[in-house]
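A closer look at the structure
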Amino acid sequence: SPETTTEEEPLILTSLPGETGIGKSTLMNTLFNTTFETEEASHHEDCVRLRPQTYDLQESNVHLKLTIVDAVGFGDQINKDDSYRPIVDYIDAQFENYLQEELKIRRSLFDYHDTRIHVCLYFITPTGHSLKSLDLVTMKKLDSKVNIIPIIAKADTISKSELHKFKIKIMGELVSNGVQIYQFPTDDEAVAEINAVMNAHLPFAVVGSTEEVKVGNKLVRARQYPWGVVQVENENHCDFVKLREMLIRVNMEDLREQTHSRHYELYRRCKLEEMGFQDSRGCLQETYEAKRKEFLSELQRKEEEMRQMFVNKVKETELELKEKERELHEKFEHLKRIHQEEKRKVEEKRRELEEETNAFNCRKAAMEALQSQALHATSQQPLRKDKDKKK
Ligand code: GTP
Ligand code: MG
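Residues numbered from 1 in each chain as written. Chains lettered and ligands numbered in written order. Predicted model: local features only at pLDDT ≥ 70, side-chain atom pairs only at ≥ 80, totals over all residues. Heavy atoms only, no water.

As annotated in an unreviewed UniProt entry, the chain carries the name Septin and comes from Peromyscus maniculatus bairdii. What UniProt records for the chain under Subunit (unreviewed entry) is the sentence "Septins polymerize into heterooligomeric protein complexes that form filaments." Among the UniProt annotations of the chain, the heading Sequence similarities (unreviewed entry) holds the following wording: "Belongs to the TRAFAC class TrmE-Era-EngA-EngB-Septin-like GTPase superfamily. Septin GTPase family." (UniProt positions renumbered as here; feature names shortened; annotations may be inferred.)

In structure tokens:
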């Protein structure tokens, strides 16, 4: 049991992956000496689903907040091409949450509930042959994002000499495929020696069991077979104790540290570069200022463009109005000319008519004069006529 751990901070584990019943749940129960869950995962999922579960472990004076993330359905699909993706996405999502908190003006990282994955226990099937390509691909995709500790599950199902060869083979395959697994740190003198020894034991071959068997006069966790007993905590039987020591006692702090300084840092750098922070080694304040200036000048340029557009529009409208005015003026002039012409014609007509009237009046007067003359003449003539008639 983790009695030397007095951490309050959460340790996040992801138990990956494994074909049905590789022994993930059993090992977790054995590691933390509890019963986490009884339900078995369904192995008929369409895709891989990450299921986090948080536990508060309390043992005497030890308090440990532990989150176990199970990759439900890993390796169960017929097409396994994208099996790693949900796991990568999940890890990234936790990094993203942390980054968002870090970028806030009012950061509260002190009481931030950190959900970043600190370690990935990668369960390898004890075939004795070689790693499956799914395992290699997945580990390759994960190695820059999380501390991978590969473990050979159900190590009691493989013979001692086979196990030795299997371990060498696995390490060879990891190296030749460029997969970077977590190395127990050897730079701190206090743990350098033990960590160096432990690095040589990787991948740990583990056995899990929640069953207790009487060995001698002691009850120990073990798996009992017709031919004998495999003791979980016996270092001659398997590497369970090594795993527990390394994970919970010796290197828990380093796992956290590596998660932050290596994996998260890489994520952060890529993300900030994506966001346009070119020189992530430079001062963030400077980069921010430069970005701000760039943004402001861009804003100014846009504003100027808008203003120019507005001015042009106004000018255009002004021209249009002027043109309309000119047209109206022309029309007016034209009408005025027509009107004057008409007026002139009417005046002429009036003059003509006046002249005609005058002429008419003259003729009329002449006629009247003539008429009166004639009348006068005829008033004497009838006598003559009468005389003539009488003749
Ligand atoms: P899922 O959650 O369904 O994917 O399964 P799991 O990976 O959690 O496996 P689980 O721990 O439920 O174990 C499945 C079976 O394997 C059980 O019958 C366990 O008793 C057995 N088992 C677990 N660990 C070991 C081990 O180290 N050796 C052997 N031989 N059997 C084991
Ligand atoms: Mg399980």
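**Focus on the pattern of salt bridges**
All chains considered together, the criterion is met by 28 salt bridges. Between Arg268 and Glu265 there is a salt bridge, and its shortest N-O distance comes to 3.3 Å. In this pair, Arg268 and Glu265 both sit in helix H7 (residues 252–274), 3 residues apart, roughly one turn of the helix. Judged by relative accessible area, Glu265 falls into the partly exposed class, the value being 33%. Across the pair Glu305 and Arg301 runs a salt bridge whose closest N-O atoms are separated by 3.0 Å. Pair noted here: Glu305 and Arg301 are both in helix H8 (residues 284–378), with a separation of 4 residues, about one helical turn. Each member of the salt-bridge network shares a partner with another, and the members are Lys167, Glu235, Asp239 and Lys242. (Salt bridge = Lys/Arg side-chain N within 4 Å of Asp/Glu carboxyl O. Helix = DSSP H or I, 4+ residues; strand = E, 2+ residues; numbered from the N terminus. Buried < 20%, exposed > 50% of the residue type's maximum accessible area, 1.4 Å probe, protein only.)

**Quick look at the packing of aromatic side chains**
For the structure shown, the criterion picks out 6 aromatic pairs. Both rings, one in Phe95 and one in Tyr267, keep their centres 5.4 Å apart while their planes meet at 40 degrees; by these two values the pair is tilted. Taken together, the residues span a long stretch of sequence, with Phe95 in helix H2 (residues 84–103) and Tyr267 in helix H7 at a distance of 172 residues. We note that Phe95, like Tyr267, is buried. (Phe/Tyr/Trp six-rings, centres within 6.5 Å; stacked < 30°, edge-to-face > 60°.)

**Regarding the sheet that holds strand E8 (residues 218–225)**
The pairing of strands in a sheet comes from backbone hydrogen bonds and takes either a parallel or an antiparallel form. Taken together, 3 strands build an open sheet; the order of strands is E7-E8-E9 and the sheet is antiparallel. Edge positions in the sheet fall to strand E7 (212–215) and strand E9 (228–231), since each of these pairs with one other strand and no more. Adjacent strand axes in the sheet meet at a mean angle of 65 degrees, parallel and antiparallel pairs treated alike. With 4 bridges joining them, E8 and E9 adopt antiparallel strand pairing. Across the sheet, Tyr225 pairs through a bridge with Gly228, a residue of E9. (Pairing = 2+ DSSP bridges. Axes fitted to C-alpha atoms, helices over the stretch in contact; angles between N-to-C directions.)

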